[in-house]
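# Overview (structure and organization)
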Amino acid sequence: MSNSIYEKVIQALKQAEKHNSAVMVKPEVILWPDPENQWEDVIEVLQESIDNLFIYGQYQPKKKQGPSIWLKCMIAKSIPEATWKSKTIPIIYLPGVSKNELKNVEEVGFQLQPLVEYQYTGNIFSQENGKEWSVLAFIENPTNGLGLKINKDNATKEALRKALPSIFQDKEVLSGKSIIDADFLNNQLFPDTIPSILKWICKGDGFLESMDAGKKEIFTNLCITNYDFEPDQRNIKAIVEKLGSQRNQWNSVWQFYAVAPKKYPEIEELLRLAKPDDLGEDMFALPSESWPQVNEEKEEELRKKLEEALKLDPKKASELLNILEQEHKVRRNWVWYELQKSPLVKALYWLNSMSEIATTPFPSASIDELKEYYTSKGFEVDTAMRKAMASVKTEKDKSLLKELIKLIYQPWLENITNKFQGLVEKDSSIFTNQRATEETESFVLFVDAFRYELAEEFCKKLTKLKYKITLTNGWSAIPSLTPTAKPNIAPIATMVSVNSEIKEFRPQLETGKDLLTPEFRKALKTVDFNHIVKSNDINPAENSWEEIGDIDTKGHEEQSDMVKRIDELFEQVQESLDIAFEKGVKKIKIVTDHGWLLLPGGLPKTAINVGLTETRWGRCALIKEGVSSGLLHLPWRWNPSIFIAYAPGISFFKANEEYAHGGISIQECLVPTVYIENPNVSTSNAKIQDNKWINLKCTVKTVGAKENYTIDIRTKYNDESTSIVESRNKLISDNQGYLMVSDEAESKSATIVLLDENGRILDKTTTTVGE
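Predicted model only: the values in this text are computed from it and were never measured.

## Some thoughts on the packing of aromatic side chains
For the structure shown, the criterion picks out 29 aromatic pairs. Consider the rings of Phe54 and Trp84, whose centres lie 6.2 Å apart with planes at 70 degrees: the pair is edge-to-face. Note that Phe54 is positioned in strand S2 (residues 53-56) and Trp84 in the loop between helix H3 (68-76) and strand S4 (91-95), a separation of 30 residues in sequence. With a relative accessible area of 0%, Phe54 lands in the buried category. With 6.3 Å between their ring centres and 45 degrees between their planes, Phe125 and Trp133 make a pair best called tilted. Grouping residues by exposure puts Phe125 and Trp133 together as buried. Grouped by ring-pair contacts, the aromatic residues Trp32, Trp39, Tyr93, Phe125, Trp133 and Phe138 constitute a single cluster. Here the basic side chain of Lys486 rests over the ring of Phe446, its NZ or CZ set 5.0 Å away from the ring centre. Over the ring of Phe520 we find Lys486; its NZ or CZ atom is 4.8 Å from the centre of that ring.

## Here's the deal with the layout of surface pockets
Looking at the largest pocket, its volume works out to about 1,500 Å³. Lining the largest pocket are 43 residues; nearest its centre among them are Lys263, Glu726, Val741, Ser742 and Asp743. Taken together, the elements giving at least two residues each to the lining of the largest pocket come down to helix H7 (154-167), helix H8 (182-189), helix H9 (193-203) and helix H13 (250-259). Class assignment of the residues belonging to the lining of the largest pocket gives a composition of 19 nonpolar, 11 polar and 13 charged. Its volume calculated, the second largest pocket comes out at about 820 Å³. Around the second largest pocket sit 27 residues that line it, and Gln340, Lys346, Ala390, Ser391 and Asp567 are the ones nearest its centre. Put simply, the parts of the chain that give the lining of the second largest pocket at least two residues each are helix H17 (335-338), helix H18 (343-358), helix H19 (367-390) and helix H26 (566-582). Counting residues per element, the lining of the second largest pocket draws most heavily on H26, at five residues. For the lining of the second largest pocket, the class distribution of residues is eight nonpolar, four polar and 15 charged.

## Details of the sheet that holds strand S6 (residues 443-447)
Pairing is mixed across the open sheet formed by six strands, whose spatial order is S7-S17-S10-S6-S9-S8. Each end of this open sheet is capped by a strand with a single partner; those strands are strand S7 (468-475) and strand S8 (529-532). In this sheet, neighbouring strand axes are inclined to one another by 20 degrees on average, regardless of whether the strands run parallel or antiparallel. Where strand S10 (residues 587-591) meets strand S17 (residues 670-677), four bridges bridge the pair, whose relative direction is antiparallel. Counted as the bridge partner of Lys589 is Tyr675 from S17. Packed on one face of the sheet, helix H22 (residues 452-462) meets S7, S10 and S17 and runs near 175 degrees to S7. Packed onto the sheet, helix H24 (residues 517-526) meets S8 and strand S9 (543-548) and runs at close to 140 degrees relative to S8.

## With respect to a positive patch on the surface
On the surface, a cluster of positive charge is made up of Lys262, Lys346, Lys393 and Lys564. Within the secondary structure, Lys393 sits in the loop between H19 and helix H20 (395-426). Take Lys393: its relative accessible area is 57%, and that puts it in the exposed class.

## A closer look at the environment of Val703
Along the chain, Val703 turns up in strand S19 (residues 697-703). Judged by relative accessible area, Val703 falls into the partly exposed class, the value being 41%. Along the sequence, Val703 and Asp537 sit 166 residues apart, while their C-alpha atoms lie 28 Å from each other. Dropping the residues within four chain positions of it, Val703 is found in contact with Asn685, Ala686, Lys687, Gln689 and Asn735.

## Regarding the packing of H22 against H26
Helix-helix packing: each pair is described by the crossing angle between the helix axes and the interaxial distance. The N-to-C vectors of H22 and H26 enclose an angle of 55 degrees; their axes lie 11 Å apart at closest approach. It follows that H22 is oblique to H26 by the angle criterion. The chirality of how H22 crosses H26 is right-handed. Between H22 and H26, the residues in contact are Leu454, Glu457, Phe458, Lys461 and Leu462 and Ile566, Leu569, Phe570, Val573, Gln574 and Leu577, respectively. Taken together, the residues that form the contact of H22 with H26 break down as eight nonpolar, one polar and two charged.

## Here's the deal with the pattern of salt bridges
Scanning the model with the defined rule gives 40 salt bridges in all. Here Arg234 makes a salt bridge to Asp232, at a shortest N to O gap of 2.6 Å. Since its relative accessible area comes to 18%, Asp232 is described here as buried. Ionic pairing is found between Lys534 and Asp537, a salt bridge with its closest N-O pair at 3.5 Å. Salt bridges linked by common partners bring Glu268, Glu269, Arg272, Glu296 and Lys341 together as one network.

## Focus on the environment of Ala358
The topology assignment puts Ala358 in helix H18. Distance from Ala358 to Pro491, taken between C-alpha atoms, is 38 Å for residues 133 residues apart in sequence.

## Brief notes about the pairing of S2
Burial of S2 is two-sided: the residues Leu53 and Ile55 facing one way and the residues Phe54 and Tyr56 facing the other way are all buried. Two elements, S2 and S4, share three bridges in a ladder whose sense is parallel. Counterpart to Leu53 in the pairing with S4 is Ile91. The sheet contact formed by S2 and strand S3 (residues 65-66) spans two bridges and is parallel. Counted as the bridge partner of Tyr56 is Gly66 from S3.

## Quick word on the state of the cysteines
The tally for this structure, following the rule as stated, stands at zero disulfides. Between Cys202, a cysteine without a disulfide, and Cys223, which holds the nearest cysteine sulfur, the sulfur-to-sulfur distance is 14 Å.

## Some points on the pairing of strand S18 (residues 687-694)
As defined by bridge partners, S18 adjoins S19 across seven bridges and the pair is classed as antiparallel. From the neighbouring strand, Ile688 faces S19, where its bridge partner is Thr702. The antiparallel pairing of S18 with S19 creates a hairpin that spans two residues between the two strands, and Asn695 there sits at a positive phi of about 55 degrees.

Cut-offs and rules
Residues numbered from 1 in each chain as written. Predicted model: local features only at pLDDT ≥ 70, side-chain atom pairs only at ≥ 80, totals over all residues. Heavy atoms only, no water. Phe/Tyr/Trp six-rings, centres within 6.5 Å; stacked < 30°, edge-to-face > 60°. Helix = DSSP H or I, 4+ residues; strand = E, 2+ residues; numbered from the N terminus. Buried < 20%, exposed > 50% of the residue type's maximum accessible area, 1.4 Å probe, protein only. Lys NZ or Arg CZ within 6 Å of the ring centre and 35° of its normal. 1 Å grid on protein atoms, 1.4 Å probe; cavity = no way out; pocket = protein on both sides within 12 Å on 5 of 7 lines; lining within 4 Å. Points joined across faces, edges and corners; volume = space filled by probe spheres on them. Nonpolar A, V, L, I, M, F, W, Y, C, P; charged D, E, K, R; others polar. Pairing = 2+ DSSP bridges. Axes fitted to C-alpha atoms, helices over the stretch in contact; angles between N-to-C directions. Contact = heavy atoms within 4.5 Å. Patch = residues over 30% accessible without salt bridge, like charges linked within 9 Å, V, L, I, M, F, W, Y side chains within 5 Å. Areas by Shrake-Rupley, 256 points an atom, 1.4 Å probe, with all protein chains shown as cover. Salt bridge = Lys/Arg side-chain N within 4 Å of Asp/Glu carboxyl O. Lys, Arg positive; Asp, Glu negative; His and termini not counted. Charge placed at Lys NZ, Arg CZ, Asp CG, Glu CD. Parallel < 35°, antiparallel > 145°, perpendicular 65-115°, else oblique. Left-handed = near helix turned anticlockwise from the far one by under 90°. Disulfide = S-S within 2.5 Å.

By themselves, these are just geometric observations and shouldn't be taken as functional.
Here's what the structure looks like:
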């Protein structure tokens, strides 16, 4: 087992107390001469464990320090503050005093003279050869010290003096070292050299001024010795060019920057200024990825190629997208991608994925065959289109993406929708044979407009949590509008009249009550379901119905910009699951009312005379009796004697709409049902007991935590990617853990989470970093 310098010094001091009582009396004191004051910075640490350790110097009784006469009184226990244990031998530390000074009685100063006699009545704490203990000699000594090799150059001696307080009590820092030198010791005193270099590049002299003189000196020496530069802002261009070159030690600096470039926002512009006119060739070339201008040039090249694709047919455009993907995919490893400076290369991945499937023929002989295609592969076209749009922000980029989507995605969407409508026209039993059934699950989570492809993506996200997930699908009630479709999947479905009058596509209950929101909630109570408004309403012993999500509202309001809201929806659903499971719910059923169509750039319009309709929504209409429309007509879910007309293909009864539902398409009508069970329900009662911040280090105390449990600090408690912890070790040991967070997190709100061996959150508590 490794020992620290601290532990070995204590052992050596105890060894110095030993004497042969048969031939000598017990030493009166132990004198510890230290002519170069090498041990001075750690004496107070030793005093915490050794109450009989006193210091020769100016009178400071709280530090057990005083002049010779005061020390004599302490040894004799003739003053009240002499409370050290009588059976131990007092130790007097003599900073700045050598062994030879004590011997030269005639020349010793008046202040030290009263202590001289102790060299005869006591022992001197010294090496076997009689010399005073230097720190270097103690570390090298195989008997009393650590028995380690250490360089004897002046740089190492100076570094050792400065590093001693930092390494004094650390058992592991010197363990296994073949030889100790100045670089090693400086890195112990200044372990965060690389982030400090990056901070200096960003903040300049202001960062240096924040250091004390000793630390500033070490930082400067490390920069000169290891990174071949002196921290001088007048040379910042040449220094940043070194960073961009990624050569030798600077490769480590670049890699550190590349992991979290958002922490160092000033570096982008500095790299722009530092880029050489000529990056060189072959083995002498500087890396292209380092310079923002290169990435911008590549983005512009990609834009021009994508514009060329608009002149091709969908198949040829797809082939070009694949070529561009192979050429540009490397840029997703560049820092500029992380900094969101490469929106087109981000979109390119999804455009290529979309086009590969969208330009491939698919089976469609029956509704079942078409559904099998969509649920196994086709849904990925919708997902890829959505993610491609979500990748861009500027109107210029959005306009280009909309044109590409119109070229490749729209024909596929029209094709699959026309085939689906043709099959439904021949056999509409998937809608007309729907019957209400009693709800058999006890916790139902309704997520508005949670179309099938969203459910597929969300279930993949859940797999890392080791839930048991079952994704099934079925057909919505038609028209695929909330007033019609929501009652069909709710626990109240059996209470809804199938002879309803149609009022804005809203049915009535068997009692005749119009199914507005208040009546819907009353009906839930009738079938013994609680409507969950807040988390405290959840009782795992009772039936629960919870409603979340506003993606439908965002779709109508924001049109194709709603694609950026999907992650917000996923977070909301995840939070609802977490809360329900924390409350003791074992199984959750997710349902939805309908899906939707989304075509950036606008759905085609089909004109319909308003005067011919009783009610007209975007994708469906109630035609007046006796009027012939030529449109597809299908029975209403809640009264089969009422027929609803549907817009052909993907068309819309109004102009300039990108988002729509209510029609007949697989995207609107195929709805998911997700069953989620938590097999990892822990029987552990482990809790977070307390937490304490010292600067950016957080000590977390727990109760009942096992050794393989971990802790983390996150800005979003249920998303491990939002962790702000920089320390690698997050394990709990003896119900305690230590975490270091990044400087940028200081004063921010966050959540400390306790996790079991499966990564399941057992407990959480909010905190403010550094407070």
